[in-house]
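# Residue-level structural notes
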Amino acid sequence: MRVNPSLTARLRIGFLVLFALLLIVSLLGVGRLFQIRVNYEDDITRYFQLELQSERLRSGFILEQAAARPATAHQKPSQGELDAAAASFTNAAGEARKLTENDTELTQKLNRLVISQTAWRKAVAQPLIHEEVPPARVESKLTSAVTNSGQALASGTSAARAAAREDARTETRNTTILVAAGLGGALLAALILFSGLINSMRAPLGRLVEGARRLAGGDLRTRVEVGGPVEIASLGRAFNEMANSLERDARERDRVEQMKDDFVLTVSHELRTPVTVVKGFAEMLTAQRKGLNSRQYEAAEVIAESAGQLQKMINDLLDLARSDAGKLRIEPEITAVRPLAQRIGRQMRPHFEGKEQQFTVSVEKDLPDIEADAGRIGQVLANLLTNANKYSPEGSQVRLAATQVGDEVEFAVSDNGPGLDEEQLEHVFDRFWRADSSESQSVGGTGLGLAIAKSLVELHGGAISANSSPGEGATFRFVLPIAKDGRPKRKEPSSRTKAGAAS
Amino acid sequence: MTRLLVADDSETVLLMLERRLEMEGYEVVTARDGVEALDRLQELGSQGPDVILLDAMMPNKSGTEVLEEIRGKGSDVPIVMISAHLDAQEPERMRKLGATDIIPKPFEWEDLIGKIEELAHDGA
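Residues numbered from 1 in each chain as written. Chains lettered and ligands numbered in written order. Predicted model: local features only at pLDDT ≥ 70, side-chain atom pairs only at ≥ 80, totals over all residues.

Okay, the overall build of chain B next. For chain B, the helix and strand inventory stands at 5 helices and 5 strands. Ordered by position from N to C terminus, the α and β elements of chain B give β-α-β-α-β-α-β-α-β-α. (Helix = DSSP H or I, 4+ residues; strand = E, 2+ residues; numbered from the N terminus.)

Here it is as structure tokens:
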């Protein structure tokens, strides 16, 4: 199993490692510097003592010379003084030997001094004690040998001391550099450690941010790759659980929505047949009015009318359910505008006459054909005209106009009724919405007409809009594309180009 | 007199169509399903109908199957399909099979009668 320490553990480990590294480097560095200092002091002390012994050796030689050849004539050379001076020399040499134990060069120099001194004592001092004068050449040679080797030892000692100082300085400098490098290295290691920690969080956090953004954008299948420190990983898992639950909810919602669509579709479809039958028979009764008395006829008329309304509502509901389910289909054909407008005008005229409204249909001359499902566009026009008829008071004017605008045909249904305010205009195409004013209290209908009109126009690739201000009537406009290979409008006899107006 | 063959599996719809079309002055022969519709056609023989109205969805044999069979025999009698077409591809399929016209269900009487009149006259 892969080890995946938590964020806090990582931080703790990081700090511990850093602390340990710094401590080790500091202790080693300080210890080393201390050691260098101690060694240096030892060296200096030793060389100082060695210099002291060199002085004693020199003075021993001088004493021996004085014993062998007294400065004044009344003094005689003395064997005893010579021995004492020689003993002092030997003692100093012994002390010096201890001090030069570790230094072969100085030891050699010391040995040379001792040898040359011994040779001098034997060949110069002893004969002098015995009143024999050694040859001047031998004496001067052996004396200068002693003097030279004494000087060599002294200068060697001071050179060694200088070298020790130089060594101590170099070592101190090197150690300081090493400690600085160690500290720098430890800090660098810490930097790498922490940036690694940040990097280990950055990638999974980045994925989380990206995932959250995609989820918010509506892609409910979004899941993130779980990773990084324990805390981030559990955040990732929580995110995925949340996405799962969101997706589950959305799927459930879609399912319920689908069930609702299916339900409305099925119910309205099943309702249609009996309603058609009721309407059909009621219409048959009203058509055969001779067999009925006036009350029976009235009842048959009411049944036929109510069945008609019911049929209309069911059809509206079915259309909307189909539209929601994406099953509302149109069959666009090359359609002449004038006969369509006139057919709807004829169909609607009785309603306007019933309310004594002035209804005019005007179609621009030479209007080209449109690409449309004539039945559906007729339905749109009928819905718009029904609205105008219902919401305008008696005696008002309603106009249906078709004109060419660019490469489109614009249909406009306008009235001079009470109009709509801005808030109403915003909702006018919402389903089941109805203008809520005292005048419309008596207005029937399902509030689906405009919603269906909008769906149908949009299905044709057109657009519908409403314009109004309170008290100034309302105008509903929609545009449809002109048929690409439609006939130029010249077929209608000119006598029929003017649509009739009814009072 | 113009003779019509009308087939619909709903008895009330069939009765309504029969009465209403009779009122308009047509002679109406009815059938409750596709098999019965083909039987009636055979019975009528050379006295065949001027226009046939078929409900697309019927038990035993659907209107679409009846349409296919009639056209298969080489008859070019006008056939009007009455279809609820919940399936958007249905009208096109029926037209390919030789349907003269398709009336969506539910229909407006004016449309239905207008269409029958048109076809009866064309056929005459």
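Structure's up, so let's keep going.
With that settled, consider the overall build of chain A. When helices and strands are counted, chain A shows 10 helices and 8 strands. Out of the 503 residues belonging to chain A, those deemed buried represent 26%. Contacts in chain A between residues at least 24 apart in sequence constitute 72% of all its contacts with a sequence separation of at least 6. (Buried ≥ 20, exposed ≤ 12 C-beta atoms within 10 Å, placed from the backbone. Contact = placed C-beta atoms within 7 Å.)

Residues and elements named next belong to chain B. With parallel pairing, the 5 strands of this open sheet are ordered in space as E2-E1-E3-E4-E5. For this open sheet the edge positions go to strand E2 (27–31) and strand E5 (101–104), each flanked by a neighbour on one side alone. This sheet shows a mean twist of 20° between the axes of neighbouring strands, independent of strand direction. Looking at chain direction, strand E4 (residues 79–83) and E5 are connected through 4 bridges and run parallel. In the sheet register, Val80 faces E5, and the bridge partner there is Asp101. (Pairing = 2+ DSSP bridges. Axes fitted to C-alpha atoms, helices over the stretch in contact; angles between N-to-C directions.)

Bringing unusual backbone geometry into the picture now. Trans peptide bonds make up most of the peptide bonds, and negative phi angles are found at most residues other than glycine. Residues and elements named next belong to chain A. Here Glu131, not a glycine, exhibits a phi torsion of approximately 65°, which is positive. For Glu131, the location among the structural elements is in the loop between helix H3 (104–129) and helix H4 (136–216). The residue Asp366 is not glycine, and still its phi comes out positive at about 60°. Relative to the elements of secondary structure, Asp366 occurs in the loop between strand E2 (358–363) and strand E3 (370–372).

The next subject is the interface of chain A and chain B. Taken together, the contact pairs 13 residues of chain A with 13 residues of chain B. Sort the elements by how many residues they give to the side of chain A that touches chain B and helix H5 (residues 230–287) of chain A lands first, with 10 residues.

Side-chain direction in a regular strand flips from residue to residue, so the side chains alternate between the two faces of the sheet. All names here are of chain B. When you tally the buried positions in E4, you get 5 out of 5 residues, the bulk of the element. Side-chain alternation along E4 places Ile79, Met81 and Ser83 on one buried face and Val80 and Ile82 on a second face that is also buried. Read as a crossover between parallel neighbours, the route from strand E3 (residues 51–55) over helix H3 (residues 63–72) to E4 is right-handed. (Right-handed = clockwise from strand over helix to strand, strands pointing away.)

Here the focus is the nonpolar core. If you look at the biggest cluster of nonpolar residues, it comprises 52 residues, and the most contacted ones within it are Val337 and Leu385 of chain A. Broken down by element, this core gets its largest block of residues, 8 residues, from helix H6 (residues 294–324) of chain A. Residues from two domains meet in this core; each of domain 2 (231–322) and domain 3 (330–502) of chain A gives at least three. What Leu385 of chain A contacts, discounting residues up to four positions off in sequence, is Ile344, Met348, Val398, Leu400 and Val413 of chain A. Among the nonpolar cores identified, the runner-up in size contains 33 residues, and Leu4, Val29, Ala99 and Ile116 of chain B belong to it. (Core = buried A, V, L, I, M, F, W, Y, C linked by C-beta atoms within 7 Å. Domains from an automatic or database assignment.)

Let us now look at the packing of helix H8 (residues 374–391) of chain A against helix H10 (residues 449–459) of chain A. Residue and element names in this part refer to chain A. Packing of H8 against H10 leaves a shortest axis separation of 9 Å and a crossing angle of 150°. Considering how the two elements wind past one another, H8 and H10 form a crossing that is left-handed. Of the residues in H10, those touching H8 at Arg376, Gln379, Val380, Asn383, Leu384, Thr386 and Asn387 are Gly449, Leu450, Ile452, Ala453, Leu456 and Val457. Among the residues making up the contact of H8 with H10, the classes are represented as 7 nonpolar, 5 polar and 1 charged. (Left-handed = near helix turned anticlockwise from the far one by under 90°. Nonpolar A, V, L, I, M, F, W, Y, C, P; charged D, E, K, R; others polar.)

What follows covers the pairing of E2 of chain A. Residues and elements named next belong to chain A. Of the two faces of E2, the one lined by Phe359, Val361 and Val363 is fully buried and the one lined by Gln358, Thr360 and Ser362 carries no buried residue. Judged from the 6 bridges that link them, E2 and strand E4 (residues 397–405) form a sheet pairing that is parallel. When the bridges of E4 are listed, Val363 appears paired with Ala402.

We now examine the environment of Arg3 of chain B. Residue and element names in this part refer to chain B. Looking at the secondary structure, you find Arg3 in strand E1 (residues 3–7). For Arg3, a count of 16 C-beta atoms within 10 Å puts it in the partly exposed group. Once the C-alpha coordinates of Arg3 and Gln47 are considered, the two residues, 44 residues apart in sequence, prove to be 8.8 Å apart. In this structure Arg3 touches Glu27, Val29, Pro49 and Asp50, once residues within four positions along its chain are discounted.

Take the packing of H4 of chain A against H5 of chain A next. All names here are of chain A. It is at 10 Å that the axes of H4 and H5 come closest, and there the two elements cross at 15°. Viewed along their axes, H4 and H5 adopt a mutual orientation that is roughly parallel. The crossing of H4 and H5 is left-handed. Facing Met201, Pro204, Leu205, Leu208, Gly211 and Leu215 of H4, the residues of H5 in contact are Ile232, Leu235, Gly236, Phe239 and Ala243. Tallied by class, the residues present in the contact of H4 with H5 amount to 9 nonpolar, 2 polar and no charged. (Parallel < 35°, antiparallel > 145°, perpendicular 65-115°, else oblique.)

In this fold, Glu166 of chain A is placed in helix H4. With 126 residues separating them in the primary sequence, Glu166 of chain A and Tyr40 of chain A have C-alpha atoms 9.7 Å apart.

What follows covers H3 of chain B. Residues and elements named next belong to chain B. Among the residues of H3, Gly63, Thr64, Val66, Leu67 and Ile70 are the ones counted as buried. Take H3 and look down its axis: the buried residues cluster within an arc of 160°, on one side only. Where the residues of H3 are buried, they touch E1, helix H2 (34–44), E3, E4 and helix H4 (90–97). (Arc of directions from axis to C-beta.)

Another aspect to go through is helix H1 (residues 11–23) of chain B. The terminal C-alpha atoms of H1 of chain B lie 18 Å apart, and with 13 residues this matches the ideal 18 Å at 1.5 Å per residue to within 8%. On its buried face, H1 of chain B sits against H5 of chain A together with E1 and E2 of chain B. (Expected span 1.5 Å × (residues − 1).)

Okay, the confidence of the model for chain A next. Residue and element names in this part refer to chain A. Within chain A, residue pLDDT values average 84, and 93% of them lie at 70 or more. Averaged over each element, pLDDT in chain A is lowest for strand E8 (residues 501–502) (37) and highest for strand E5 (residues 408–415) (92). Contacts from residues 489–503, a stretch scored under 50 in pLDDT, to residues over four places away or in other chains number 18 contacts. (pLDDT = per-residue confidence, 0-100.)

For the rest of this paragraph, the subject is the environment of Arg207 of chain A. All names here are of chain A. Within the secondary structure, Arg207 sits in helix H4. Along the backbone, Arg207 and Val226 are 19 residues apart, and their C-alpha atoms lie at a distance of 9.0 Å. Contact partners of Arg207, with chain neighbours within four places excluded, come to Val224 and Glu225.

As a further point, take the confidence of the model for chain B. Mean pLDDT for chain B: 86, with 94% of residues reaching 70 or above. Mean pLDDT across the elements of chain B bottoms out in helix H5 (residues 109–123) of chain B (81) and peaks in E2 of chain B (94).

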